[in-house]
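Per-entry structural report
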Amino acid sequence: MKQAIMFGAGNIGRGFIGALLSRSGWHVTFADVVEPLINAINAQKRYTVHILDQTCEDWEIENISAVSSVGDQIAPAIAACDLITTAVGPLVLAKIAVTIADGIRARMAAGNKEPMNVICCENGLRTTTRLKNEIYKHLSEEEQAFAEENIGFADCAVDRICPKPEFENPLDAAVEEYMEWDVERASWKGELADIVGLTYTDDVMACLERKLFTLNSGHAVCAYLGHLKGYRTILESIQDPVIGDIVHAAMRENGEGLIREFSFDRDTHYAYVERIFRRFQNPHLKDEVERVGREPIRKLSPGDRLIKPLVTTAGYGLPVDHMIFGAAAALRFRCDNDPQSVQMLERIQKETAGTVLTAYTELKADNPLHTRIMDVYRALALAPKA
């Protein structure tokens, strides 16, 4: 049986990637730092994924185990596995890079030259490449040469909404029916794996940008505007006619930028936009606004979901009247349980929102986009609660 290690046993790890691997006949070892979660997986050895959509379905997931991602069992597991996947969040990749480097070293010492592949299933552009670069910092030249020959680092685009409802069994997970998992064919080592839901692509950047500009961007705009009006979920937010209109228009604006950038077929892309917009209205997926809005500093960075689509689209001289709302509202995101939100708001109090906007987005004060974001930021202070 093929062996996979899934770094991150959260809802995406269990509900999306780990579930697909298990249903494809792989044994999945979840690597995490939460000891009660690890113990529960090893005790039960199964859980249920609840697909909540127009058609509801339950998947029983088996062939699983768990180890600590910081313990002494993870390196031997990496030395013997066939695939590593991650769903830990981009900010954690540098931390697990040390662990994976140790595993590669153990693999080399054991003489295991069977192909192994690494796929980062994170929201972001080329996160697998970023992880590879971090791993190589901890490998000698000889170890890097071993990795180059035997280990594939395949970038991918993943798309599936995985909310966090509470179930009687805390291991159970919820997902929508829709999913995409597009993996870069050229970076894969060895024979292509046949995994349910996984497709191989020759243009992963187009897949990544399409998701970033559409799902991630629209989701974030919806969350930040919904938060300002006091809504708890994405569903409540998108049902507000003002927010719904802004989100829909922003996704279409971004679409024009994508069409120019990648020569997408206009009708095909706008059909994709409409499909994504309908997903936000799934009554079963009560995705929390706070979850989607977390880490606003990262989401305001130049290469992420709010600023990259904005700059790209404006760079073609196209309208961005609605996309402007995303960055402006993100600057007002208050979540006391999110360190980035706390840090951002404290910095705004000490400095100004304008200087913080420049620091996070790299948009200088004389940039017209900076001026327009700040105009909306000030106007949002007057927005009434729902």
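Residues numbered from 1 in each chain as written. Predicted model: local features only at pLDDT ≥ 70, side-chain atom pairs only at ≥ 80, totals over all residues. Heavy atoms only, no water.

1. What about the side chain of Arg 160?
Definition in use: Note on conventions: DSSP H or I runs of at least 4 residues are helices, E runs of at least 2 residues are strands, and numbering of each starts at the N terminus. Type-normalised accessible area, obtained with a 1.4 Å probe on protein chains alone, sets the label of each residue: buried when under 20%, exposed when over 50%, and partly exposed for intermediate values. Only four residue types enter the charge count, namely Lys and Arg as positive and Asp and Glu as negative; His and the chain termini do not. The term salt bridge refers to a pairing of a side-chain nitrogen on Lys or Arg with a carboxyl oxygen on Asp or Glu at a separation within 4 Å.
Positionally, Arg 160 belongs in the loop between β9 (156–159) and β10 (173–175). Although buried, Arg 160 forms no salt bridge, and the nearest oppositely charged side chain, Glu 176, lies 6.0 Å from it.

2. Here we look at empty space enclosed by the protein
For clarity, the threshold we go by: Site definitions follow a grid-based scheme: protein atoms alone, a 1 Å grid, a 1.4 Å probe that fits but cannot get out for cavities, and for pockets an open set with protein on both sides within 12 Å along at least five of seven lines, plus lining residues having an atom within 4 Å of a point. Grid points are joined across faces, edges and corners, and a volume is the space filled by probe spheres set on the points. Basically, the charged four are Asp, Glu, Lys and Arg, the nonpolar ten are Ala, Val, Leu, Ile, Met, Phe, Trp, Tyr, Cys and Pro, and anything else, Gly included, counts as polar.
Within this structure, the stated rule accounts for three cavities of 30 Å³ or more. Volume-wise, the largest cavity comes out at about 50 Å³. In terms of lining, the largest cavity is formed by Glu 122, Asn 123, Gly 124, Leu 125, Ala 157, Val 158, Leu 208, Lys 211, Leu 212 and Asn 216. Elements with a minimum of two residues in the lining of the largest cavity: β9 and α7 (204–228). When residues of the lining of the largest cavity are assigned to their parent elements, the largest contribution, four residues, is made by α7. The residue inventory of the lining of the largest cavity, partitioned by class, reads five nonpolar, three polar and two charged.

3. What to know about the sheet that holds strand β2 (residues 27–32)
As a reminder of what qualifies: Here, a strand pair is defined by DSSP locating no fewer than two bridges between the strands. As a rule, the C-alpha atoms of each element are fitted with a line to give its axis, helices using only the stretch in contact, and angles between N-to-C directions run from 0 to 180 degrees. Any two residues whose heavy atoms approach within 4.5 Å are treated as being in contact.
Across the sheet, six strands lie side by side as β5-β2-β1-β6-β7-β8; this open sheet has parallel pairing. Each of the sheet's edge strands pairs with one partner strand only, and the pair in question is β5 (64–68) and β8 (151–153). Each strand axis lies, on average, 20° off the axis of its neighbour in the sheet, ignoring direction. Bridge count between strand β1 (residues 3–7) and strand β6 (residues 83–86): four bridges; the pairing is parallel. Directly across from Ala 4, in β6, lies its bridge partner Leu 83. Packed onto the sheet, helix α1 (residues 11–23) meets β1, β2 and β6 and runs at close to 150° relative to β2. Contacting β7 (116–120) and β8, helix α6 (residues 141–150) runs over the sheet at an angle of about 75° to β8.

4. A word on the packing of helix α4 (residues 93–109) against α6
Put simply, the rule is: In these notes the angle categories are as follows: under 35 degrees is roughly parallel, over 145 is roughly antiparallel, 65 to 115 is roughly perpendicular, and the rest is oblique.
Running from N to C, α4 and α6 point in directions that differ by 80°, and their axes come no closer than 10 Å. When the axes of α4 and α6 are compared, the pair comes out roughly perpendicular. Along its contact with α4, which presents Ile 104, Arg 105, Arg 107 and Met 108, the element α6 presents Glu 142, Glu 143 and Phe 146.

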